[in-house]
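What follows is each chain in one-letter form.
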Amino acid sequence: MPINTKAKENVINLYLFYSDTCPHCDELETELIEIEKDFPNIQIYRYEVTKSVKNNKLMVEAAEKLDTVSKYVPFTIIGTKSFTGYSGTQTKAAIEYTLKLYSNVPSYKDPVGELLGIDYSKGTLTYDDIKKLYSTKDIDDKKEESIIDVPFIGPVSLKKLSLPVISILIGAIDGFNPCAMWVLLFLLSILIGMKDRKRMWILGGSFLLASALIYLVFMLAWLNLSSFVGVMWWKMLIAAIALIGGVINLRTFFRSKEAGCEVVNEDKRNKIFAKIKKFTSEKSFLLAIIGIITLAISVNFIEISCSAGLPAMFTGILAMHNLSSIEYAFYIFLYILFFLIDDLIVFAIAMKSLKLTGISNKYVKYSHLIGGIIMLLIGILMIVKPEWLMFNF
Amino acid sequence: MKIITISAIWCPSCLVMRPRFEAITKKYPSIDYKTYDYDLDDGAKSYHPGNILPVFILIDKDNNECGRLIGEHSVNDLLELIEIHSQQGGQR
């Protein structure tokens, strides 16, 4: 840690948490050397976090001070503004923009400086305060590149648009894979035969809810796993899943000749049908619901593997972003909603018309093609240009 | 001529084909139609349906299979199959 010999007035502290094994940290370091020449009033404090437990703990505490999380390095802090990761020229531009803002004030709020016990600015202005006072069109130019004008809607931030679009797109592609659809159809055919609307709604709805729940549990578990895996290993894992999943999807596309339903696992299917018949004819409504939920959980748990890694890949990309818990929950909810949309349509039509509807397997075939291409692309980008997958530019 | 259809309750493609097949039955009401459920009807397996559903099998007047369509097809594909085999001597 460098010894501070400068007066604190007009000096801007920049805190950098990095790892010796992190290539993006090296790239940011190169940029910081250039930035120091343009901003002689900055003081950079560097903390290596993989070899020092103390520094790792400091990084976590520093993030907590700013009410954020520090899952990835490099993790850079100026005042109350933090940057996670390194996205090339965009990160450099964002740091320079922040330094320009802070250069306007003689003092500012520096909670991390206080935490680290170094000489720090004792002002009260936060990043947002300084931005309101001093941001100009010139300084904002780089930020405005990520805002587009959409007809009839107005200005839209690309930063805010990308993750929802990805959630919907990948969720919908995953949903076209009718892994558990056959169970839903069989369940609905039995329920339609019973002509008991209340039972249909509750048992059918329970099946769909349980299916959503098992997906949610899987994705949250995967998201939490990312906290325990180093950045490089995480990216390699997601790249491997994406590449293998992409190949499997494309192979499925090229191998499928007719658009139709493949008959597999006859014994397993017959056992599931027997269970459905048993649960739906159960006199106790509560036992029937419990039976259907248990069935949905077991069927979907096994069928997650049939999605060829799509939910794991999506959650892996989400984990790379510095989001709040609510934002993670929102994007996962969006994914699951669009994943279930074909099931919801079939269920709604069955409830309304007491007839079963099918969605053509032609769409399934093309979902393998589109999904395969997207997964291969993501796998390759994760290796050569991972910063392009960071949608919070 | 006889047309055998092998489908399954759980098969979305079979549901998609249902209205198309109904159009055929309306166009050719004199053909003998028989539907088997792959899982529930023992007779289905005797026609060796394979592993893709639905399956449409044309049987001629001598009770021999003379044509087959597997999976999802358009109404025109079904009509073409019937027309070809009618011209080749199957009764309608």
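This text follows the structure it describes.
The notes below deal with the structure included here.

This paragraph deals with unusual backbone geometry. Residues and elements named next belong to chain B. With an omega of 0°, the peptide bond running from Leu 53 to Pro 54 counts as cis. Looking at the element boundaries, Pro 54 is found in the loop between strand E3 (52–53) and strand E4 (55–59). Phi is positive for His 48, which is not a glycine, with a value near 50°. By the element assignment, His 48 lies in the loop between strand E2 (32–37) and E3. Overall, His 48 belongs to the exposed group, its relative accessible area being 63%.

With 5 bridges connecting them, E4 of chain B and strand E5 (residues 65–70) of chain B associate as antiparallel partners. Paired with Phe 56 of chain B across the strands is Leu 69 of chain B, a residue of E5 of chain B.

Glancing now at the sheet that holds strand E3 (residues 75–78) of chain A. Sheet strands pair by backbone hydrogen bonding; their relative direction is either parallel or antiparallel. All names here are of chain A. Pairing is mixed across the open sheet formed by 4 strands, whose spatial order is E2-E1-E3-E4. Taken across any chain shown, the strands that pair with only one partner, and hence form the sheet edges, are strand E2 (42–48) and strand E4 (81–84). This sheet shows a mean twist of 15° between the axes of neighbouring strands, independent of strand direction. In the packing of helix H1 (residues 23–38) onto the sheet, the strands contacted are strand E1 (12–18), E2 and E3, and the crossing angle to E2 comes to about 165°.

Residues and elements named next belong to chain B. Here we have 4 strands laid out as an open sheet, ordered E2-E1-E4-E5, and mixed in their pairing. The open sheet has two edge strands, E2 and E5, and neither has a second partner. Going across the sheet, the axis of each strand differs from the next one's by a mean of 15°, ignoring polarity.

Each value, and the rule that gives it
Residues numbered from 1 in each chain as written. Chains lettered and ligands numbered in written order. Predicted model: local features only at pLDDT ≥ 70, side-chain atom pairs only at ≥ 80, totals over all residues. Heavy atoms only, no water. Helix = DSSP H or I, 4+ residues; strand = E, 2+ residues; numbered from the N terminus. Buried < 20%, exposed > 50% of the residue type's maximum accessible area, 1.4 Å probe, protein only. Pairing = 2+ DSSP bridges. Axes fitted to C-alpha atoms, helices over the stretch in contact; angles between N-to-C directions. Contact = heavy atoms within 4.5 Å.

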